[in-house]
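Observations on the model geometry
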Amino acid sequence: MADLTVSLRGVSRHFGRQIAVEDVSFSLEPGQTVALVGHNGAGKTTLMKLMLGLIRPSGGTLSVLGEDPGRGFGARREIGFLPENVAFNPSLTARELLGFYARLKGARSEVGPLLAQVGLEEAANRRVGTYSKGMRQRLGLAQALLGSPRLLLLDEPTTGLDPSLRLSFYETIRTLGSKGATVLLSSHALGELEQRADRVLIMHRGRLLADGTIGELRRLAELPVRMRLRVNGSWPALEAALPPGTEVTRSDGIVDLACPAPRKMEVIRHLASDGTAVKDMEITPPSLDELYAHFLRGGGE
Ligand code: ATP
């Protein structure tokens, strides 16, 4: 328990009759990068606000960096937070703003390097009111990264970032993770999370529907694995004896297979049993988008 960065046990948060979060339990460990995904209104932002101590739970208990965020939360200084809608005083420059937050966190020496890290070095002395959305987002990121936080809560951090900044953002996250920081990031961009999150939490209507590594979610979901083959004239004989449950679509020397995940190796062994029929093969496991849709359809129950 002592080593957990965050621990939620049966946490709920209601706003009047509106249920924002209901009976959610999970823990986050140091060094983990965890994706928090869910439709609009699923409860992602509410979970982050609970962890920050900005709102109190209606039920359940939570501990963040060993403390209750609702009571004299000293550990807040060790948390970096990027809100969904970053708002800064438009008449100040990025350097002034970041300097202000840096003083609060006792991290003044980090202002220059962080501005450079998020690519705002040249624009640092311009007023933020003249910034594009992506530039404001980058400044928000720099603000969240101040003071080498042990826990980073990032609400849709890559919205508005161009592709090269997205790459450098994930590079930064990886570095922080390797130094032991826990990163919880909410996002709708499932494709980009697939290779980058150690673990995925799927929220739906305030409830936690699924929690696991992508590999674990794939095993749970048992969605078909797709294979694309380039075949030659002896293919039909192999096709006739494919393991049951394998779906086949054929066109011009290309064959698409969809096989039940537990039968994947059986299918591969069968394909290899004729040394020449299959000339090339690409295997595509279920994507995070497909897993997400599966669990939302009730597949996790
Ligand atoms: P999005 O992807 O759109 O940012 P989200 O998953 O972050 O959504 P939340 O902002 O946590 O969702 O909201 C969860 C639910 O709680 C929504 O139905 C929302 O309307 C409701 N809610 C959140 N904050 C309040 C509040 N202060 N008062 C009333 N209802 C609220």
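So, how was this worked out
Residues numbered from 1 in each chain as written. Predicted model: local features only at pLDDT ≥ 70, side-chain atom pairs only at ≥ 80, totals over all residues. Heavy atoms only, no water. Helix = DSSP H or I, 4+ residues; strand = E, 2+ residues; numbered from the N terminus. Contact = heavy atoms within 4.5 Å. Areas by Shrake-Rupley, 256 points an atom, 1.4 Å probe, with all protein chains shown as cover. Lys, Arg positive; Asp, Glu negative; His and termini not counted. Charge placed at Lys NZ, Arg CZ, Asp CG, Glu CD. Buried < 20%, exposed > 50% of the residue type's maximum accessible area, 1.4 Å probe, protein only. Pairing = 2+ DSSP bridges. Axes fitted to C-alpha atoms, helices over the stretch in contact; angles between N-to-C directions.

When helices and strands are counted, the protein chain shows 10 helices and 13 strands. Overall size of the protein chain, expressed as C-alpha extent along the three principal axes, is 70 × 45 × 35 Å. Sequence separation of 24 or more characterises 67% of the internal contacts of the protein chain that already satisfy a separation of 6 or more. Within the structure as shown, the protein chain displays about 14,800 Å² of accessible surface, and the carbon and sulfur contribution to it stands at 49%. Within the protein chain, one finds 37 positive and 33 negative side-chain charges whose respective centroids are separated by 6 Å.

Right, let's talk about the environment of L291 for a bit. Looking at the element boundaries, L291 is found in helix α10 (residues 288–299). L291 gets classed as buried once you look at its relative accessible area, which sits at 0%. Residues L291 and A42 lie 249 residues apart in sequence; the distance between their C-alpha atoms is 17 Å.

In space, the four strands of this open sheet follow the order β11-β12-β10-β13, with antiparallel pairing throughout. Pairing within the sheet leaves two strands with one partner each, and these edge strands are β11 (247–251) and β13 (278–284). Sheet twist, expressed as the average angle between the axes of neighbouring strands with direction ignored, equals 20°. Where β11 and strand β12 (residues 254–259) come together, five bridges link them in antiparallel fashion. Pairing of S251 across the sheet is with I254, part of β12.

As summarised here, the arrangement of the three strands in space is β2-β1-β4, forming an open sheet in which the pairing is antiparallel. Two strands bound the open sheet, and with one partner strand each, they are β2 (18–28) and β4 (59–64). Within the sheet, the average angular offset between the axes of one strand and its neighbour, ignoring direction, is 25°. Sheet topology places strand β1 (residues 6–15) next to β4; five bridges connect them, and they run antiparallel. Of the residues in β4, the one forming a bridge with S12 is G59. The strands touched by helix α1 (residues 44–52) within the sheet are β1, β2 and β4, with β1 carrying the most contacts at an inclination of about 115°.

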